[in-house]
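One letter stands for each residue in the lines below.
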Amino acid sequence: MHAECAEGAAIVIGDRDDAIEAAIARGEFDDLPGAGKPLRLPSRHDPDWWIRQRLEDDDIDRDALLPVVMLLRREHDELPEVLAELRDEQQVRELLEDYNRRVQDDRLRHPMARMLAPTVDVEARLEQWRALERERAVEPVVQTAAAREGRRRRWWRRARD
């Protein structure tokens, strides 16, 4: 009996069976995950049973299944935390411009979409980031002075006791 393989060449079914038997003899199927365990098949016919099972087992990143607009909206909500971690103004600018470009690309691909991801005002966000950086620059000086003051108090307190 003959069958067609992916390249279009005819292979003999017996040869395929022989190849499988040889792989079994070499032990190539011995340590497969789930070996010896029954398949968790649904009680009714479901052609997507395997994807549902992988979702239940958390084998798949669920975010990869969301529409791009939802991912962009989530990214927009997380922008303040992400920007707070950056220390270079050029990185902040590039990140914001890249985000806006991806939002515009999504809008061009889906012009009739009801849900849109918001764009950001790059200059306004940069000004917020600069203000945060100025606060960070002052914060260590204040903390250092408070730490010195705290040490002095503790020293005087011990001297009175």
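Scroll up to find the structure this text is about.
Residues numbered from 1 in each chain as written. Predicted model: local features only at pLDDT ≥ 70, side-chain atom pairs only at ≥ 80, totals over all residues. Heavy atoms only, no water.

### Points about the overall build of the chain
Logical step 1: Summing up its helical and strand segments, the chain has five helices and two strands in all.
Logical step 2: Reading the chain from its N end, one meets helices and strands in the order β-β-α-α-α-α-α.
Logical step 3: Of the contacts formed within the chain by residues at least 6 apart in sequence, a portion of 48% connects residues at least 24 apart.
Logical step 4: A total of about 13100 Å² of accessible surface is found on the chain, and carbon and sulfur atoms cover 54% of it. (Helix = DSSP H or I, 4+ residues; strand = E, 2+ residues; numbered from the N terminus. Contact = heavy atoms within 4.5 Å. Areas by Shrake-Rupley, 256 points an atom, 1.4 Å probe, with all protein chains shown as cover.)

### Some details on the pattern of salt bridges
Logical step 1: Applying the stated criterion to the full structure yields 15 salt bridges.
Logical step 2: Here D58 ties to R62 by a salt bridge, and the two come within 3.9 Å at their closest N and O atoms.
Logical step 3: A residue is classified by how much of its surface remains accessible, and D58, at 56% relative accessible area, is exposed.
Logical step 4: Classification of R62 by relative accessible area gives partly exposed; the value is 46%. (Salt bridge = Lys/Arg side-chain N within 4 Å of Asp/Glu carboxyl O. Buried < 20%, exposed > 50% of the residue type's maximum accessible area, 1.4 Å probe, protein only.)

### Describing a nonpolar patch on the surface
Logical step 1: A contiguous nonpolar patch, built from I20, I24, F29 and L32 and spanning about 350 Å² of accessible area, is present on the exposed surface.
Logical step 2: With respect to the helices, strands and loops of the structure, F29 is situated in the loop between α1 (13-26) and α2 (49-56). (Patch = residues over 30% accessible without salt bridge, like charges linked within 9 Å, V, L, I, M, F, W, Y side chains within 5 Å.)

### Some points on the layout of surface pockets
Logical step 1: Each pocket or cavity is described by its volume, and for the largest pocket that value is around 150 Å³.
Logical step 2: What lines the largest pocket is simply R40, L41, P42, S43, R44, D46, W49, R52, Q53 and E56.
Logical step 3: Tallied by class, residues from the lining of the largest pocket come to three nonpolar, two polar and five charged. (1 Å grid on protein atoms, 1.4 Å probe; cavity = no way out; pocket = protein on both sides within 12 Å on 5 of 7 lines; lining within 4 Å. Points joined across faces, edges and corners; volume = space filled by probe spheres on them. Nonpolar A, V, L, I, M, F, W, Y, C, P; charged D, E, K, R; others polar.)

### Structural notes on a negative patch on the surface
Logical step 1: On the surface, D15, D17, D18 and E21 cluster together into a negatively charged patch.
Logical step 2: Here D17 is to be found in helix α1.
Logical step 3: Of the residues examined, D17 reaches a relative accessible area of 39% and is grouped as partly exposed. (Lys, Arg positive; Asp, Glu negative; His and termini not counted. Charge placed at Lys NZ, Arg CZ, Asp CG, Glu CD.)

### Let's talk about helix α4 (residues 89-109)
Logical step 1: In this model, α4 (21 residues) spans 30 Å end to end at C-alpha, consistent with the 30 Å of a helix rising 1.5 Å per residue.
Logical step 2: Those residues of α4 that sit buried are V92, L96, Y99, N100, V103 and D106. Each buried residue of α4 sits inside an arc of 120° when the element is viewed along its axis, so together they form one side. In α4, the exposed residues that point more than 90 degrees away from the buried face are L108 and R109. (Expected span 1.5 Å × (residues − 1). Arc of directions from axis to C-beta.)

### Quick word on the side chain of H76
Logical step 1: Topologically, H76 is positioned in helix α3 (residues 68-85).
Logical step 2: Sequence-distant contacts of H76, defined by excluding residues within four places in its chain, comprise Y99, P118, T119, V120 and R125.

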